[in-house]
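So the chains spell out like this:
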Amino acid sequence: FASPDKVIETMISKIFLFGNRAVKIYKWRKEFFGDLSDISFRKSFIPEDFFWNNTMSPQIYTELIPYKTKDGRWVMSKIDDANDFCIVMNKIESNNTVTYLAERQELEPGILKDLTKTILLKQREITTARRKDLSSMLNKDLREIEREALEDLRSWAYIGSDYISKEKTDCVVNRLLTILDNPEYITWTKKARKSALIDANGDNIIIGTDKSIQFIDILPPKLNWRVEDEAMNIGRVAADVSAL
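A. Local environment of the pairing of strand 3 (residues 21–26). Sheet topology places strand 2 (residues 13–18) next to strand 3; six bridges connect them, and they run antiparallel. The residue of strand 3 that forms the bridge with Ser13 is Tyr26. Hairpin connection from strand 2 to strand 3: two residues lie between these consecutive antiparallel strands, with Gly19 at a positive phi of about 60°. In terms of strand pairing, strand 3 meets strand 8 (residues 84–90) through four bridges, oriented antiparallel. Within the sheet, the bridge partner assigned to Arg21 lies in strand 8 and is Asn90.

As structure tokens, this is what we get:
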């Protein structure tokens, strides 16, 4: 690649823009979901990140490039020999996220129907492809998965205690934890179908100018966030739309 037109820096990555393409490189730093300064973690996390996103949006996530240093230069390599990876993406044609459209009352019922169908079918595709890797979670009791997720949510929300008090976080999380012991809910979880779960928050879903549905950054970073009740994202999208 030549010099980038622009560099966008996020908390955990840098994105280099070249015309209609973007190249994403994760920073070498320790994060709450894993140690990105450890090459062994990078070799497992970054290819997985590409696989999930490429499965959801192959028109955006086009290539995973492994590379290594040779004679003081970066050169392409095989994954096993790689010192690092970059993810190559096509630039997105639209900035119309589900959040943006919902806030303006511009989400059409047909789009929502297509969105939920796409999420379910793609999640099943990922489940089939990654069944072995996700087996520890797929074989776990759903209530235990949700209990762990809620405690993670508590810890995560504490980071933003300047905006949401710890008391309010505890009130919400503790109330949700009681639902897990509700007999009606226990019966439901025994019938529920577990599946790979994408991060389907409204900012990660983009409606194209042609009404196509595109996804970005959908890999839940922690393994225990990657499996849930298959219907969870239907509820998540519905809650986002209702609230916004």
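B. Structural detail: helix 1 (residues 39–56). The first and last C-alpha atoms of helix 1 sit 26 Å apart over 18 residues, in line with the 26 Å expected at 1.5 Å per residue. All buried positions along helix 1 are accounted for by Phe41, Arg42, Phe45, Ile46, Pro47, Glu48, Asp49, Phe50, Trp52, Asn53, Thr55 and Met56.

C. Focus on the nonpolar core. Counting 44 residues, the largest nonpolar core has Phe45, Trp52, Leu115, Ile119, Ile198, Ile205 and Phe215 as its most contacted members. In terms of residues, this core owes the most to one element, helix 1, which gives six residues. In this structure, Phe45 is in contact with Tyr26, Phe33, Leu36, Leu219, Pro221 and Arg226, ignoring residues within four places of it in sequence. Grouped together as the second largest cluster of nonpolar side chains are six residues, Val23, Tyr67, Cys86 and Val88 included.

D. Fine view of the sheet that holds strand 2. Strand order in this open sheet of six strands is 1-2-3-8-6-7, and the pairing throughout is antiparallel. Strands at the two margins of the open sheet, each flanked by one partner only, are strand 1 (6–9) and strand 7 (73–76). Pairwise comparison of adjacent strand axes, ignoring direction, gives a mean angle of 30° for this sheet.

E. Highlighting the side chain of Arg226. Residue position: Arg226 is located in the loop between strand 11 (213–215) and strand 12 (227–229). The side chain of Arg226 is buried and forms no salt bridge, while Glu48, the nearest opposite charge, is found at 4.9 Å. A distance of 2.9 Å separates a polar side-chain atom of Arg226 from the backbone oxygen of Pro221. Once residues within four sequence positions are removed from consideration, Arg226 is found in contact with Phe45, Glu48, Trp52, Leu134, Ser195, Ala196, Leu197, Leu219, Pro220 and Pro221.

F. View of the pattern of salt bridges. Summed over the entire model, instances satisfying the criterion amount to 19 salt bridges. Taking the shortest distance from any N to any O, the salt bridge between Lys27 and Glu9 comes out at 2.8 Å. Taken together, the residues Lys27 in the loop between strand 3 and strand 4 (30–31) and Glu9 in strand 1 connect sequence positions 18 residues apart. For Glu151, the salt bridge goes to Arg154, with nearest N and O atoms at 2.9 Å. Here Glu151 and its partner Arg154 are both found in helix 5 (residues 142–159), three residues apart, which amounts to about one turn of the helix. On the accessibility criterion, Glu151 (33% relative accessible area) is partly exposed. Arg154 sits in the buried class, given a relative accessible area of 12%. The structure contains a network of salt bridges with shared partners spanning Arg143, Glu144, Arg147 and Asp181.

G. Seen up close, helix 6 (residues 166–179). The terminal C-alpha atoms of helix 6, which comprises 14 residues, lie 20 Å apart, in line with the 20 Å expected from a rise of 1.5 Å per residue. Those residues of helix 6 not exposed but buried are Thr169, Val173 and Leu177. With its buried residues spanning 60° around the axis, helix 6 presents them on a single face. Every exposed residue of helix 6 that faces more than 90 degrees away from the buried side is listed here: Glu167, Lys168, Cys171 and Arg175. Contacts made by the buried residues of helix 6 are with helix 5.

H. The arrangement of a nonpolar patch on the surface in detail. Together, Phe32, Leu153, Trp156 and Ile159 make up an exposed nonpolar region whose accessible area comes to about 460 Å². Relative to the elements of secondary structure, Phe32 occurs in the loop between strand 4 and strand 5 (34–35). Take Phe32: its relative accessible area is 48%, and that puts it in the partly exposed class.

I. Summary view of the packing of helix 1 against helix 3 (residues 109–129). Orientation of helix 1 relative to helix 3, taken along the N-to-C sense of each, is 140°, at an axis distance of 10 Å. If you check the angle between helix 1 and helix 3, you find them oblique. The handedness of the crossing between helix 1 and helix 3 comes out as right-handed. Each of Phe51, Trp52, Thr55 and Met56 in helix 1 lies in contact with helix 3, whose residues at this interface are Lys122, Glu125, Ile126 and Ala129. The class makeup of the residues in the contact of helix 1 with helix 3 is five nonpolar, one polar and two charged.

Conventions adopted
- Residues numbered from 1 in each chain as written.
- Predicted model: local features only at pLDDT ≥ 70, side-chain atom pairs only at ≥ 80, totals over all residues.
- Heavy atoms only, no water.
- Pairing = 2+ DSSP bridges.
- Helix = DSSP H or I, 4+ residues; strand = E, 2+ residues; numbered from the N terminus.
- Expected span 1.5 Å × (residues − 1).
- Buried < 20%, exposed > 50% of the residue type's maximum accessible area, 1.4 Å probe, protein only.
- Core = buried A, V, L, I, M, F, W, Y, C linked by side-chain atoms within 4.5 Å.
- Contact = heavy atoms within 4.5 Å.
- Axes fitted to C-alpha atoms, helices over the stretch in contact; angles between N-to-C directions.
- Lys, Arg positive; Asp, Glu negative; His and termini not counted.
- Salt bridge = Lys/Arg side-chain N within 4 Å of Asp/Glu carboxyl O.
- Polar contact = N/O pair within 3.5 Å; in protein donor to acceptor, adjacent residues only side chain to side chain.
- Arc of directions from axis to C-beta.
- Patch = residues over 30% accessible without salt bridge, like charges linked within 9 Å, V, L, I, M, F, W, Y side chains within 5 Å.
- Areas by Shrake-Rupley, 256 points an atom, 1.4 Å probe, with all protein chains shown as cover.
- Parallel < 35°, antiparallel > 145°, perpendicular 65-115°, else oblique.
- Left-handed = near helix turned anticlockwise from the far one by under 90°.
- Nonpolar A, V, L, I, M, F, W, Y, C, P; charged D, E, K, R; others polar.

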